[in-house]
Amino acid sequence: MNERITGAEVLMRGLVAEGVDRVFGYPGGAIMPVYDKLFDFTSSITHILTRHEQGAIHAAQGYARVSGRTGVVIVTSGPGATNVVTGLTDAMLDSTPLVVITGQVSVSALGTDAFQETDMIGLAQPITKWAIQIQRPEDIAPALAQAFYVASTGRPGPVVLDLTKDAQLGLTSWQYTPCRFVRGYLPKPVLDMEQVRAAADMINAARRPMILAGQGVALSNAEQLLISLAEKADIPVACTLLGLSAIPSGHPLFAGMLGMHGNVAPNYNTNRADLLIAVGMRFDDRVTGDTTRYATQAKILHIDIDASEFDKNIRTDARVHADASEALSALMPLVDKAEHSSWRRSFARHAAAEQSRVVAAAVNPPESEPLLNMHQVVHCVSEHAPEGAILVTDVGQNQMASARNFRFSHPKSIVTSGALGTMGFGLPAAIGAKMGAPNRTVCLFTGDGGFQMTLQELGTIMQYGTDVKIVILNNNFLGNVRQWQSLFFKNRFSQTPMLNPDFIALARAYAIEGEDVESRNELIPAVERMFAHHGAYILNVNIDPAAMIFPMTPPGESVDTIMLNQNEYY
């Protein structure tokens, strides 16, 4: 006779069968049968109790991004489910694989506005790869298997399984088969060698080529292939925000970061290249600026696993519809060894100009400017961080300053909210990142605004002893909005000044060590103490509220219209 078990136990066994050893979540009434059964699986699955469901899903994102595994979230119905909607959207836009399990009321109560009933599938369908409500226990195992397959294959993304009480409590036999195929879903396109040969011909004919590396490089583990191709064909590599660390910061072919607050050389040369090779990136508006003036002189070669990205924002001249790793592997033998020294020297000239006119003064300001700025703080932390440190950021000026100034030596070393720009992402994502890569140092940079959106997750750090190094870049403002108000809204600082608490006293209430940093002579000793400390540590660094993040391409301008400061353009 077949063993009969509850749907809740089927879920737990299925998670173990998928190799899941860590989940993030928060219990509640409609998911209680699952949590009750989790009690019997604590030797196999570690549950991380965050302090808010948004914290759970952002932590799962951080975990997934550095580990390469699918993050798992378990929350209850109603407000528990709606509290993960921001994280679902963030994960969808940034291609992060998640399986999110939400509780739901009994089948008989559906549609009655029962206590904590929410149409989670209606909410989730536009912001997930797949969302399904499960009403019978026998449907849990096949749905779970399909969820992991869909979330982790093709262009990764989040999946929602909405489990009714009937599905959790009902009895069924145990059988679990991993999913390897879903009708109508073709995650891995068949490589077209005609496309590859056409791409190779374009690369071989180019005299001023530039690679634009996006997060697709990391998602396909193609970092070394990218570097090998760039070295063979002598092509500068610029990275999107999420593509950073695909190539080490110190590599001679690394040209810098693209985008509104990116480096001068790649942004300026975008409109001087004769070929742009976009790998696993989507031509976001923060990268392109005014699309009518974007690289009009260049041919565009686009390599991506998602065909919907082709010609969506920028017209392409050739494309390779494939996983980045597979495409770059096929290109390698067809691409000629080349030398573009004159073209590379132009990048060096622009980089030197940026260094002398922007970076040097920001990182080492004159003694007449006693207030700290974000650039010098990030530079100092990066200089003292252990080899292979992971950068996690919140959103705003702190994000741009840290992405620009942090040095990367290892792949998969940045975790940030790119497309959605979710304030509050940083702290829980840093917790998940540390749990996904326990042997690497995790450095979080956050503003005082974003930090206060999810600071309750200090309780998660306290409970699990998570060793995260936290740097609050505190300017008592919503800094990025303040910068725009200063530049484009005549210094009308509407609702951006902030009265903040004593962050270090708050940290100590959570048994976390830390200290305030007021001046530059305090900075280096404080950073050294932070890294020497075993366990979480917070530096609350007081930043000049008037300091801005430059260079900057103003919104709506051409990508090569670059502000070096408030009064000077490149």
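Nothing here was measured: the structure is a model prediction, and the numbers come from that model.

Undergrad: Describe the sheet that holds strand β10 (residues 237-239), with residues and values.
TA: Strand order in the open sheet made by the 6 strands is β11-β10-β9-β12-β13-β14, with parallel pairing throughout. The sheet terminates laterally at β11 (254-257) and β14 (318-321), the two strands that pair on one side only. Going from strand to strand, the sheet's axes swing by 15° on average, the running direction of each strand aside. Relative to β10, strand β9 (residues 209-213) is paired through 3 bridges, and the arrangement is parallel. In the strand pairing of β10, L212 is matched with A238. Packed onto the sheet, helix α14 (residues 324-331) meets β12 (275-279), β13 (299-304) and β14 and runs at close to 125° relative to β13.

Undergrad: Please provide a residue-by-residue account of the environment of Q397, values included.
TA: Mapping Q397 onto the fold places it in helix α17 (residues 397-405). Q397 sits in the buried class, given a relative accessible area of 4%. As a C-alpha pair, Q397 and F550 span 153 residues in sequence and 10.0 Å in three-dimensional space. Contacts of Q397, omitting those with residues within four sequence positions, involve M374, N475, G479, N480, Q483, A547, M548 and I549.

Undergrad: Summarise the domain arrangement of the protein; cite the residues concerned and give the values.
TA: How big an interface is tends to be reported as the loss of accessible area on association of its parts. Its domain assignment divides the protein into domain 1 (4-173), domain 2 (193-347) and domain 3 (372-542). Averaged C-alpha coordinates put domain 1 and domain 3 at centres separated by 30 Å. Listed per partner, the contact involves 23 residues of domain 1 and 27 residues of domain 3. Carbon and sulfur atoms supply 63% of the area that domain 1 and domain 3 bury against each other, a total of about 1,900 Å² over both sides. Sorting the residues of domain 1 by area buried against domain 3 places R51, R65 and V66 first, and these three jointly supply 33% of that buried surface. The interface formed by domain 1 and domain 3 includes 0 salt bridges.

Undergrad: How would you summarise a negative patch on the surface if you had to cite specific residues and measurements?
TA: Judged by side-chain charge, D502, D516, E518 and E522 come together as a negatively charged surface patch. Its place among the elements puts E518 in the loop between β19 (513-517) and α23 (520-532). Relative accessible area serves as the criterion here: at 45%, E518 is assigned to the partly exposed category.

Undergrad: Describe the packing of helix α16 (residues 374-384) against α17, naming the residues involved and giving the relevant values.
TA: Close contact between α16 and α17 brings their axes to 9 Å; oriented N to C, the two are set at 45°. Taken together, the axis directions place α16 and α17 in an arrangement best described as oblique. α17 is crossed by α16, and the crossing has right-handed handedness. Taken together, the residues of α17 that come into contact with α16 (itself represented by M374, H375, V378, H379 and S382) are Q397, N398, A401, S402, R404 and N405. The residue makeup of the contact of α16 with α17, split by class, is 3 nonpolar, 7 polar and 1 charged.

Conventions and cut-offs
Residue numbers run consecutively from 1 along every chain, following the written order of its sequence. Local features in this predicted model are restricted to residues of pLDDT 70 or higher, and side-chain atom pairs are both shown and tallied only at a pLDDT of 80 or more, whereas totals for entire chains, interfaces and linings draw on every residue. The side-chain numbers reported here are obtained from all heavy atoms of the structure, hydrogens and water having been left aside. Any two strands are treated as partners once DSSP identifies two or more bridges connecting them. Each helix corresponds to a stretch of at least 4 residues labelled H or I by DSSP, and each strand to a stretch of at least 2 residues labelled E; elements are numbered beginning at the N terminus. Fitting a line to C-alpha atoms yields each axis, with helices limited to the stretch in contact; the angle taken between N-to-C directions then spans 0 to 180 degrees. By the convention used here, residues are in contact when the closest approach between their heavy atoms is within 4.5 Å. For each residue, the accessible area found with a 1.4 Å probe, counting protein chains only, is set against the maximum for its type, and the residue is called buried under 20%, exposed over 50%, and partly exposed in between. As used throughout, domain bounds are those supplied by an automatic or database domain assignment. Put simply, buried area is the surface a 1.4 Å probe can reach on two separate parts but cannot reach once they are joined, added for both. What counts as a salt bridge is simple: a side-chain nitrogen of Lys or Arg found within 4 Å of a carboxyl oxygen of Asp or Glu. To count toward a patch, a residue needs a relative accessible area above 30% and no salt bridge. Like charges then connect within 9 Å, nonpolar side chains (Val, Leu, Ile, Met, Phe, Trp, Tyr) within 5 Å. Areas reported as accessible are Shrake-Rupley estimates using a 1.4 Å probe. Residue values count occlusion only from the protein chains shown. Two residue types count as positive, namely Lys and Arg, and two as negative, namely Asp and Glu; His and chain ends fall outside the count. Taken as the charge location is NZ of Lys, CZ of Arg, CG of Asp or CD of Glu. Roughly parallel means an angle under 35 degrees; roughly antiparallel means over 145; roughly perpendicular covers 65 to 115; every other angle is labelled oblique. In this scheme the crossing of two helices becomes right-handed for a clockwise turn of the near helix relative to the far one and left-handed for an anticlockwise turn of less than a right angle. Residue polarity follows a fixed list, in which Ala, Val, Leu, Ile, Met, Phe, Trp, Tyr, Cys and Pro are nonpolar, Asp, Glu, Lys and Arg are charged, and the others, Gly among them, are polar.

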